[in-house]
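# Inside the fold
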Amino acid sequence: MRPVPIPCLLFTLALLVSACSADSDSPVTASAPTAVAVDEAADPTAPAVDDDTPTVQPQDEGLVAVVNGTVIDGTGADPIIDGVVVIDDGSIVTIGPSSMTTIPPGARIVDAAGGTVLPGLIDTHTHNLQPLDPENIAVEDTLTGLYLTGPLSRGVTTYRDAGSTYGDTKDLAALRAAIEALGASTPTVTLTGPIITVEGNGALRFGQAMTVAGPADAADAVDRLADAGVDQIKIVVDDWSARGAPTPTLSPETISAITDAAHERGLAVIAHAPGVDFARQALELGADELTHWPGSEPLPEDLVTTLAADQVPVGTTFGIIRPADGDLRRLLDAGGMIVLSTDAPGVMSPMAPHIELSRMVTLGMTPMEAIVASTAHAAVALGLEDRIGTLEPGKAADILVVGDDPLESISAIQQVIAVIKDGEVVVAPDVEQS
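Now for a description of the structure that goes with this document. Every chain begins its residue count from 1, and numbering advances along the sequence as written. Local features are withheld for residues below a pLDDT of 70 in this predicted model, meaning they are given only at 70 or higher, and side-chain atom pairs are given and counted only at 80 or more; totals for whole chains, interfaces and linings count all residues. Values reported for side chains reflect all heavy atoms of the structure, with hydrogen atoms and water molecules removed beforehand.

## A short note on the nonpolar core
By size, the foremost hydrophobic cluster in this structure holds 76 residues, and its most contacted members are Ile196, Ile233, Ile235, Trp293 and Ile338. Contact between two residues is taken to exist if any of their heavy atoms lie within 4.5 Å; hydrogens are not considered. Every residue in contact with Ile338, bar those within four places of it in the chain, is listed here: Trp293, Val314, Thr316, Leu328, Leu331, Leu332, Met365, Ala373 and His377. As used in this record, nonpolar core signifies buried Ala, Val, Leu, Ile, Met, Phe, Trp, Tyr and Cys residues forming a set joined through side-chain atoms within 4.5 Å. Burial classes: relative accessible area under 20% of the type maximum marks a residue as buried, over 50% as exposed, and values in between as partly exposed (1.4 Å probe, protein chains only). Core analysis: the second largest hydrophobic core is formed by 17 residues, Val110, Val117, Ala397 and Ala418 among them.

Below is the structure:
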């Protein structure tokens, strides 16, 4: 595998100066190698990290066939041995065993070389931390190196910025404009905009939040964010007492006003609510997702039942909050929906999702469950399940090819040999013409 030529490396390294804190929404700026080293020191179960990042190589769109690999489609179904995925005009058109699949003449052949073909990874919880100005010459380098090229080269084809320093609507517009101006293949980036909370709440210390004074103000804030084009709304429900003295929280009436206004605009609400009582309150007042595991204390049976019955996406962030012994398995066995969430700062460490997958398996998930959590279920959390998350005809061709079997060892996810984004081969082994 070949190293990624990330633009302006010295500029990038200068930006990445601190490691991830133990706080659930704390901003971090640290280089990918440093972040991984610190993370592994804190988590000895994390896999060894392959620093040999593949090169992003944009190719022309057209017919593509991925061959000679075991296909895991992301649904949890049995893998297809010696499978083929045929892509045309950015979408999957055929998937099946090679013995039953016709490869169209002229298709470019991506050889999986006996490895595994699976959907692109989806990280439901990141934070882009640097304010961006499209007129600034550094924007393109920062975006490309930290937020886009690095994650894409490691197979992260979609991620959600779940609260950032973009504090008003013009900042959100600037971010979208800067990404669009790149004219290059990037992950799909969805946005919540700043997190909604109340004056004095502990989340404000990180510069990722906006405050509201009450129910009427909250509804107006949701409308402003919706008009700015956010994809979902995020709220802080807890009092941050895990980090010291409790801080003020949104009132139940204000939370209800936020969820009602968001749902009227067709937007889901994700809740930062670590702690059983806060998680229960968020769900009772209309929140649609928990962006962290709900605390390290054992989950009461009624909460497990609610999470499973309502298919509430529950973010992992297991590097920050670990479930009580057996609770992860309890929720899975009850039919709950777990989703890959790293809380990584802008996915500044492209390896963060790989390390989180390792934690998921270490804490009790099977490799297949971890893959589904990082693909199909993560797409549900983002409201994009009709477009991405599984390898099925008609869906976007967001595909990761790795060199070994992640069902045998989840660390095989690190062995990236090809990435396809919307049908475009952006990381490639030798590509042939059929």
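Okay, back to it.
## Brief notes about the environment of Pro323
Strands are runs of DSSP state E lasting at least 2 residues, helices are runs of H or I lasting at least 4, and numbering of each runs from the N terminus. Mapped onto the elements, Pro323 comes out in the loop between strand S14 (313-315) and helix H9 (327-333). Placed 28 residues apart in sequence, Pro323 and Gly295 show a C-alpha to C-alpha distance of 6.7 Å. Apart from the residues within four sequence positions on either side, Pro323 is in contact with Trp293, Gly295, Ser296, Phe318, Leu328 and Leu363.

## Some thoughts on the packing of aromatic side chains
When the centres of two rings from Phe, Tyr and Trp lie within 6.5 Å, Trp using its six-membered ring, the rings pair. Their planes under 30 degrees apart give stacked, over 60 give edge-to-face, and anything left gives tilted. For the structure on display, the rule yields two aromatic pairs. Note on Phe206 and Trp240: the rings are 5.8 Å apart at their centroids and 45° apart in plane angle, and the pair reads as tilted. With Phe206 in the loop between strand S9 (195-197) and strand S10 (209-211) and Trp240 in the loop between strand S11 (233-236) and helix H6 (252-264), this residue pair connects regions lying 34 residues apart in the sequence. The same class applies to Phe206 and to Trp240, which are both buried.

## Quick notes on the environment of Gly286
Position of Gly286 among the secondary structure elements: in the loop between helix H7 (276-284) and strand S13 (289-290). Beyond its immediate stretch of four places on either side in the chain, Gly286 contacts Thr259 and His263.

## Some remarks on helix H10 (residues 352-362)
Counting buried residues in H10 gives nine out of 11 residues, a clear majority hidden from the surface. Burial in H10 covers these residues: Ala352, Pro353, His354, Ile355, Glu356, Leu357, Ser358, Arg359 and Met360. A positive phi of about 130° marks Gly364, the residue just after H10.

## Section: the pattern of salt bridges
Pairing between side chains becomes possible if they bear opposite charge and their charged atoms approach one another. For this document, the term salt bridge refers to a Lys or Arg side-chain nitrogen within 4 Å of an Asp or Glu carboxyl oxygen. Enumeration according to the criterion identifies 14 salt bridges in this entry. Across the salt bridge formed by Glu356 and Arg359, the nearest N and O atoms sit 2.5 Å from each other. Here Glu356 and its partner Arg359 are both found in helix H10, three residues apart, which amounts to about one turn of the helix. The salt bridge involving Arg387 is made with Asp422; its shortest N-O contact spans 2.8 Å. With Arg387 in the loop between helix H12 (376-381) and strand S16 (399-402) and Asp422 in the loop between strand S17 (416-421) and strand S18 (424-427), this pair connects stretches of sequence that are 35 residues apart. Judged by its relative accessible area of 38%, Arg387 falls in the partly exposed class. On the basis of relative accessibility, which here comes to 24%, the residue Asp422 falls in the partly exposed class. When salt bridges that share partners are traced, they join Arg387, Asp398, Lys421 and Asp422 into one network.

## Side note on the packing of helix H5 (residues 215-227) against H6
Between the N-to-C directions of two axes lies an angle of 0 to 180 degrees, each axis being a line fitted to C-alpha atoms and, for a helix, fitted only over the stretch in contact. Where H5 contacts H6, the two axes come as close as 8 Å, and the packing angle between them is 30°. In terms of orientation, H5 and H6 fall into the roughly parallel class. Regarding H5 and H6, the two cross each other, and that crossing is right-handed. On H6, the residues that touch Pro215, Ala218, Ala219 and Val222 of H5 are Glu253, Thr254, Ala257, Ile258, Ala261 and Ala262. Residues are grouped as follows: Ala, Val, Leu, Ile, Met, Phe, Trp, Tyr, Cys and Pro are nonpolar; Asp, Glu, Lys and Arg are charged; every other residue, Gly included, is polar. Among the residues making up the contact of H5 with H6, the classes are represented as eight nonpolar, one polar and one charged. Working rule for angles: under 35 degrees goes down as roughly parallel, over 145 as roughly antiparallel, 65 to 115 as roughly perpendicular, anything else as oblique. Throughout, a crossing is termed right-handed when the near helix is turned clockwise from the far one, and left-handed when it is turned anticlockwise from it by less than a right angle.

## Some words on the pairing of S16
Burial along S16 is two-sided: Ile399 and Val401 and Leu400 and Val402, pointing in opposite directions, are all buried. A pair of strands is treated as paired once DSSP finds two or more bridges between them. The sheet contact formed by strand S5 (residues 116-119) and S16 spans four bridges and is antiparallel. Looking at the pairing, Val117 lines up with Val401 of S16. Two strands pair when backbone bridges link them, and S16 and S17 are joined in this way by four bridges, in the antiparallel orientation. When the sheet's bridge partners are listed, Val401 is paired in S17 with Ala418.

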